[in-house]
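# Notes for the structure review
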Amino acid sequence: DAKTTQPPSMDCAEGRAANLPCNHSTISGNEYVYWYRQIHSQGPQYIIHGLKNNETNEMASLIITEDRKSSTLILPHATLRDTAVYYCIVRVAENSGGSNYKLTFGKGTLLTVNP
Amino acid sequence: DGGITQSPKYLFRKEGQNVTLSCEQNLNHDAMYWYRQDPGQGLRLIYYSQIVNDFQKGDIAEGYSVSREKKESFPLTVTSAQKNPTAFYLCASSIQAAAIETQYFGPGTRLLVL
């Protein structure tokens, strides 16, 4: 029961912007969009999250469409160290108990940054 | 440095043997989690703990056990009942009381069966 859809792989040239799409057409009103990434053989790393407004931090920008059915993670100047699997996850943010504690990771998008 | 540490990085288990994976955090987080990752797959939740002396089963708890005697520690034991233990094990923690809950992960332990 995947709640998000991401392309399996993408390539990007070093120094260029990497735009990673995610479809979440069944997202509920109280669900946030989270992005994590996992460099090979390491633990996942939190990148950013948002509800409806666009968000930016030191790592990336998150653009969420007005209907909230899709989003795009933007790495403005990709480097070789950004090569990783990127996961888009939707879930409620508040700790209301039950299964919302877990992060449901799909297979993500393997971003390869090329020199 | 604040963070989550897991040890060992690699662990080998013989048939019928129990092994324990360590997870320690100095972030003062209330909640801790154990996930399992198989090659090319996403993460699956094994156990989680919201507070000291309390823990709950996740999606794939069979063959595993945990304890939460201290806030900073959440060890995972892979018992002989777990018939396919070879995987990458990830520990995470989060501030339980935060309005927006973000989980932070350790570097992982790779378990191999001999």
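Coordinates for the structure precede this section.
These numbers were taken from a predicted model, which means no experiment stands behind them.

### Observations regarding the overall build of chain B
Per the secondary structure count, chain B includes 0 helices and 11 strands. The C-alpha atoms of chain B give 13 Å as radius of gyration, which agrees with the globular expectation for 114 residues (13 Å, within 12%). With the C-alpha coordinates of chain B rotated into their principal frame, the extents come out at 40 × 25 × 25 Å. In chain B, buried positions account for 49% of the 114 residues.

### Comments concerning the sheet that holds strand β8 (residues 84–92) of chain A
In a beta sheet, neighbouring strands are held together by backbone hydrogen bonds and run either parallel or antiparallel to one another. All names here are of chain A. On the basis of which strands lie adjacent, the open sheet formed by 5 strands has the order β1-β9-β8-β3-β4 and mixed pairing. Either end of the sheet is taken by a strand with one partner, and the two such strands are β1 (9–13) and β4 (45–50). Each neighbouring strand pair of the sheet contributes to a mean axis angle of 25°, computed without reference to strand direction. Two strands pair when backbone bridges link them, and strand β3 (residues 31–38) and β8 are joined in this way by 8 bridges, in the antiparallel orientation.

### Looking at the nonpolar core
Among the nonpolar cores identified, the biggest contains 21 residues, and Trp35, Leu73, Tyr86 and Leu111 of chain A are the most heavily contacted of them. Among the secondary structure elements, those contributing two or more residues to this core are β2 (18–23), β3, β4, β6 (61–64), β7 (70–75), β8 and β9 (109–114) of chain A. In this structure, leucine 73 of chain A is in contact with Ala18, Asn19, Leu20, Trp35, Ile47, Ile48, Ala60, Ser61 and Tyr86 of chain A, ignoring residues within four places of it in sequence. Counting residues in hydrophobic clusters, the runner-up holds 20 residues, among them Cys23, Ile46, Phe74 and Val78 of chain B.

### Some thoughts on the packing of aromatic side chains
Under the counting rule described, the total for this entry stands at 11 aromatic pairs over all chains. Relative to phenylalanine 105 of chain A, the ring of tyrosine 87 of chain A lies with its centre 4.9 Å away and its plane at 80°, an arrangement referred to as edge-to-face. Pair noted here: tyrosine 87 of chain A is in strand β8 and phenylalanine 105 of chain A is in the loop between β8 and β9, with a separation of 18 residues, a long-range link. Across this residue pair, the class does not change: tyrosine 87 of chain A and phenylalanine 105 of chain A are buried. Three or more aromatic residues joined by ring pairs form one cluster here, namely Tyr36, Tyr46, Tyr87 and Phe105 of chain A together with Tyr33, Tyr35, Tyr48, Tyr104 and Phe105 of chain B. Here the basic side chain of arginine 68 of chain B rests over the ring of phenylalanine 74 of chain B, its NZ or CZ set 6.0 Å away from the ring centre.

### Regarding the environment of aspartate 11 of chain A
Residue and element names in this part refer to chain A. Structurally, aspartate 11 is set in strand β1. Look at aspartate 11 and you get exposed, because its relative accessible area is 58%. With 20 residues separating them in the primary sequence, aspartate 11 and glutamate 31 have C-alpha atoms 29 Å apart. When sequence neighbours within four positions are dropped, the list of residues in contact with aspartate 11 reads Leu111, Thr112 and Asn114.

Cut-offs used in this document
Residues numbered from 1 in each chain as written. Chains lettered and ligands numbered in written order. Predicted model: local features only at pLDDT ≥ 70, side-chain atom pairs only at ≥ 80, totals over all residues. Heavy atoms only, no water. Helix = DSSP H or I, 4+ residues; strand = E, 2+ residues; numbered from the N terminus. Rg over C-alpha atoms; globule rule 2.2 N^0.38 Å. Buried < 20%, exposed > 50% of the residue type's maximum accessible area, 1.4 Å probe, protein only. Pairing = 2+ DSSP bridges. Axes fitted to C-alpha atoms, helices over the stretch in contact; angles between N-to-C directions. Core = buried A, V, L, I, M, F, W, Y, C linked by side-chain atoms within 4.5 Å. Contact = heavy atoms within 4.5 Å. Phe/Tyr/Trp six-rings, centres within 6.5 Å; stacked < 30°, edge-to-face > 60°. Lys NZ or Arg CZ within 6 Å of the ring centre and 35° of its normal.

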